[in-house]
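Inside the fold
Chain residues, written in single-letter form:
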Amino acid sequence: MSPSLLQRLHRRLGAGLAMVALCAGMDATQAQIQSTPNTLYRIAGGTQGTNDGTGAAAQFNSPFGVTRNSFDGNLYVADFYNHAIRKITPAGVVSTFAGTAGTAGYFDATGTSAQFNTPVGITADPAGNLYVSEYLNNTVRMITPGGVVSTIAGAPTPACANIDGAGAAARFCDPVGIIFTAGSLYVADTGNHTVRKITLPAGTVSTFAGTGSCGVLCDPYGITNDTAGNLYVTGYHDNTIRKITPAASVSLVAGGGACGSNDGTGAAAQFCHPTGIVADTSGTLYVADNTNSTIRKITSSAVVSTVVGAAGNSSTTLGPLPGTIAAPYGVTVIGANQLAMTTNSHEVLGANLGPAAFNFAGFFQPVDNPPMVNVVKAGSAIPVKFSLGGNQGLNIFASGYPASQTVSCSTSLPTDVIEQTVNPGASTLSYDPASDRYNYVWKTEKGWSNTCRQLTVRLSDSTDHTALFQFIR
């Protein structure tokens, strides 16, 4: 690795790649998924080295990109300075999946016979193939589930260039983030200030967004996608989070300007050299805010909050959230409200963010909110409609809910006759993305005539939402 390449690398990543290993607090080996809510915990690592092992016995050397491969349920880590791809099983067992640990090079082969040079970004497709961006080799490599490594696009020489083309004819400059979506790869080509698209399996590279100079995109690092096909990119140099539509229209989501750590909405929020980014199934974004040593959350309304770590504290303190972490690089979703992140302390940490806090704004028609009493014929099936600020999945109810109980019929409260019911049947829950509304069909009982009841919708974030009903014959 030439001095000029090293200088360029450290100029981009700054002091975040300094070799430190600070650990404090709980140090027990943990599985990938920690069931204790609001907890920061260790998945693996914590010291610099190349050792395979379980939990804290394993070693990394500045792990960067991390992804969960849904094909086999394992985590895969781009172990930057070990020049290797590491696998972490759900039990926390770490092994070297591809690359010769501790040896930089460029060689397509199987497993540990292959060689990488500073693998940095990693993503998986539904068939279990991994795709890796290499910072100093300026290539994109593919690894099959059997560990066979091949080159999809790019070549190690010249060191940096910006050329569209097929396979080895294409050129990148310090590519970092990578994401698979809809049969193609999208790469944050950091040194070229662009996002490049790679069609598969041909490996044809084209420039999707960015001009090639620091402007619309400036040092893009992390990249992710949502279910609507939008891309989201972190801007390391300009401290931004940007959205790129399928039509390649770029807009600001949050941040911008000088380094800072303020939470807020949109441009009022601040970041400091954000790197990794991931979207969950509801479209919520999580950002590895590297220099702030925090993980930030961005809602669909562009509200930014800090969920892991404390700005300015780069030690590792495990236990109750927010805890503290050292300069996170990569972040990925590993379960409902569960994240995994790589840090400057040569470790992979997990965070159980606890029950989701839903944005419930009341019931929609035909159901009126209290104090209005809904009048309806007993035995009817009532569509109970509400929004949670995006698709939160169908596992949104607390156990045993929705539920109803008898209440006294008040003569002082206003009433309104429900004008819409549906065909009787079992109670069901569905979500309509077009209207962003949930519809819980509540099947009432004929025996409830001449009574009043309160329907309680308790969500998995432990909040209760109620509506009042008077049943008639």
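Quick caveat: nothing in here was measured; it's all calculated off a predicted structure. (Residues numbered from 1 in each chain as written. Predicted model: local features only at pLDDT ≥ 70, side-chain atom pairs only at ≥ 80, totals over all residues. Heavy atoms only, no water.)

**Thoughts on the sheet that holds strand E3 (residues 63-69)**
Heads up, the condition is: Two strands make a pair as long as DSSP finds a minimum of two bridges between them. Strands here are runs of E lasting at least two residues and helices are runs of H or I lasting at least four, both read from the DSSP assignment and numbered beginning at the N terminus.
Overall, antiparallel pairing links the five strands, which are arranged E2-E6-E5-E4-E3 in an open sheet. The sheet terminates laterally at strand E2 (53-54) and E3, the two strands that pair on one side only. Bridging between strand E4 (residues 74-79) and strand E5 (residues 84-88) involves five bridges; their strand directions are antiparallel. Bridged to Val77 within E5 is Arg86.

**Details of the pattern of salt bridges**
What counts here: Throughout this description, the term salt bridge denotes a Lys or Arg side-chain nitrogen within 4 Å of a carboxyl oxygen of Asp or Glu. The buried label applies to any residue whose accessible area, calculated with a 1.4 Å probe on protein chains only, is under 20% of its type's maximum; exposed applies above 50%, and partly exposed to all values in between.
In total, this model carries 11 salt bridges according to the counting rule given. Salt-bridge contacts for Arg141 lead to Asp108; the nearest nitrogen and oxygen are separated by 2.8 Å. In this pair, Arg141 sits in strand E9 (residues 139-143) while Asp108 sits in the loop between strand E6 (93-98) and strand E7 (119-124), placing the two residues 33 residues apart along the sequence. Under the relative-accessibility criterion, Asp108 is labelled partly exposed at 32%. The salt bridge partner of Asp189 is Arg196, with a shortest N-O separation of 2.7 Å. The exposure class assigned to Arg196 is buried, which follows from its relative accessible area of 0%. In this structure, a network of salt bridges that share partners links the residues Asp52, Asp79 and Arg86.

**Re the nonpolar core**
Here is a general trend for soluble globular proteins: nonpolar side chains tend to be buried in one another's company. Applicable threshold: Side-chain atoms within 4.5 Å are what join buried Ala, Val, Leu, Ile, Met, Phe, Trp, Tyr and Cys residues into a set we call a nonpolar core. Contacts are assigned to residue pairs with any non-hydrogen atoms lying within 4.5 Å of each other.
Of all hydrophobic cores here, the largest spans 24 residues; its most connected members are Phe386, Trp442 and Phe469. Mapped by element, the contributors of at least two residues to this core are strand E31 (381-386), strand E35 (437-443), strand E36 (451-458) and strand E37 (464-472). Apart from the residues within four sequence positions on either side, Phe386 is in contact with Phe360, Gly362, Phe363, Phe364, Ile396, Phe397, Asp436, Arg437, Tyr438 and Tyr440. In this structure, Val278, Val307, Leu318 and Leu349 belong to the second largest nonpolar core, which totals 15 residues.

**So, the environment of Arg296**
Filter applied, for reference: Two N or O atoms form a polar contact when they lie within 3.5 Å of each other; inside protein one atom must be a possible hydrogen donor and the other a possible acceptor, and for residues adjacent in sequence the pair counts only when both atoms belong to side chains.
In this structure, Arg296 sits in strand E23 (residues 294-298). On the basis of relative accessibility, which here comes to 0%, the residue Arg296 falls in the buried class. Linking Arg296 and Asp263, residues 33 residues apart in sequence, is a C-alpha distance of 8.6 Å. Not counting the four nearest positions on each side in its chain, Arg296 is found in contact with Ser261, Asn262, Asp263, Gln270, Phe271, Leu285, Tyr286, Val287, Asp289, Val304, Ser305 and Thr306. A polar contact of 3.4 Å, which involves the side chain of Arg296, links it to the backbone oxygen of Ser261. One polar contact links the side chain of Arg296 to the main-chain carbonyl oxygen of Gln270, over a distance of 2.8 Å.

**Regarding the pairing of E31**
Residues in a regular strand point their side chains to alternate faces of the sheet. Here E31 lies mainly inside the structure; five of its six residues are buried. Alignment of E31 against E35, held across six bridges, turns out to be antiparallel. Across the sheet, Ile382 pairs through a bridge with Trp442, a residue of E35.

**A short note on the side chain of Arg296**
Engagement of the side chain of Arg296 in a polar contact is seen with the backbone oxygen of Asn262, the distance being 3.0 Å. There is a polar contact of 3.1 Å between the side chain of Arg296 and the side chain of Thr306.

**Quick look at the pairing of strand E22 (residues 285-289)**
Across the five residues that make up E22, a large majority, five, are buried. Residues Leu285, Val287 and Asp289 line one face of E22 and the alternating positions Tyr286 and Ala288 line the opposite face, and both faces are buried. Bridge analysis of strand E21 (residues 274-279) against E22 gives four bridges, and the strand direction is antiparallel. Across the sheet, the residue bridging to Val278 is Tyr286, located in E22. A loop of five residues connects E21 with E22, the two strands running antiparallel in sequence, and Gly283 in this loop sits at a positive phi of about 95°. Sheet analysis places E22 next to E23, joined by five bridges and oriented antiparallel. Directly across from Leu285, in E23, lies its bridge partner Ile298. Where E22 folds back on E23, the antiparallel hairpin that results is connected by four residues, among which Ser293 adopts a positive phi of roughly 55°.

**Observations regarding the sheet that holds E7**
Formally: Here an angle of 0 to 180 degrees is reported between the N-to-C directions of two axes, which are lines fitted to C-alpha atoms, with helices fitted over the stretch in contact.
Pairing is antiparallel across the open sheet formed by four strands, whose spatial order is E7-E8-E9-E10. Unpaired on one side and paired on the other, E7 and strand E10 (149-154) mark the two borders of the sheet. Within the sheet, the average angular offset between the axes of one strand and its neighbour, ignoring direction, is 25°.

**Details of the confidence of the model for the chain**
Test applied: A residue's pLDDT is simply how confident the predictor is in it, with values from 0 to 100.
Looking at the chain, the pLDDT average stands at 91 and 93% of residues meet or exceed 70. Throughout residues 1-11 the model reports pLDDT below 50, and contacts reaching past four residues in sequence, or to other chains, amount to 16 contacts. The low-confidence segment residues 13-29, where pLDDT is below 50, has 49 contacts with residues more than four positions distant or belonging to other chains.

**With respect to the state of the cysteines**
Short version of the rule: In this description, a disulfide is simply a cysteine sulfur pair whose atoms lie within 2.5 Å.
Inspection of every chain in the model, using the stated rule, returns four disulfides. Each sulfur in the disulfide pair Cys214 and Cys218 lies 1.6 Å from the other. Across the S-S bond of Cys214 and Cys218 the torsion is about -75°, and the bridge reads as left-handed. Taking the relative accessible area as the measure of exposure, Cys214 reaches 44% and is therefore partly exposed. Classification of Cys218 by relative accessible area gives buried; the value is 4%. Each bonded cysteine of the chain gets a number by its place in the sequence, and the pairs then read 1-2, 3-4, 5-6, 7-8.

**Brief notes about unusual backbone geometry**
Between Pro370 and Pro371 the backbone carries a cis peptide bond, its omega angle lying at 10°. Note on placement: Pro371 falls in the loop between strand E29 (363-364) and strand E30 (373-377). Within the chain, Asp219 stands out as a residue other than glycine whose phi angle is a positive 50°. Despite not being glycine, His346 has its phi angle at roughly 60°, a positive value. Relative to the elements of secondary structure, His346 occurs in the loop between strand E27 (338-343) and strand E28 (347-352). Exposure remark for His346: the relative accessible area of 0% places this residue in the buried category.

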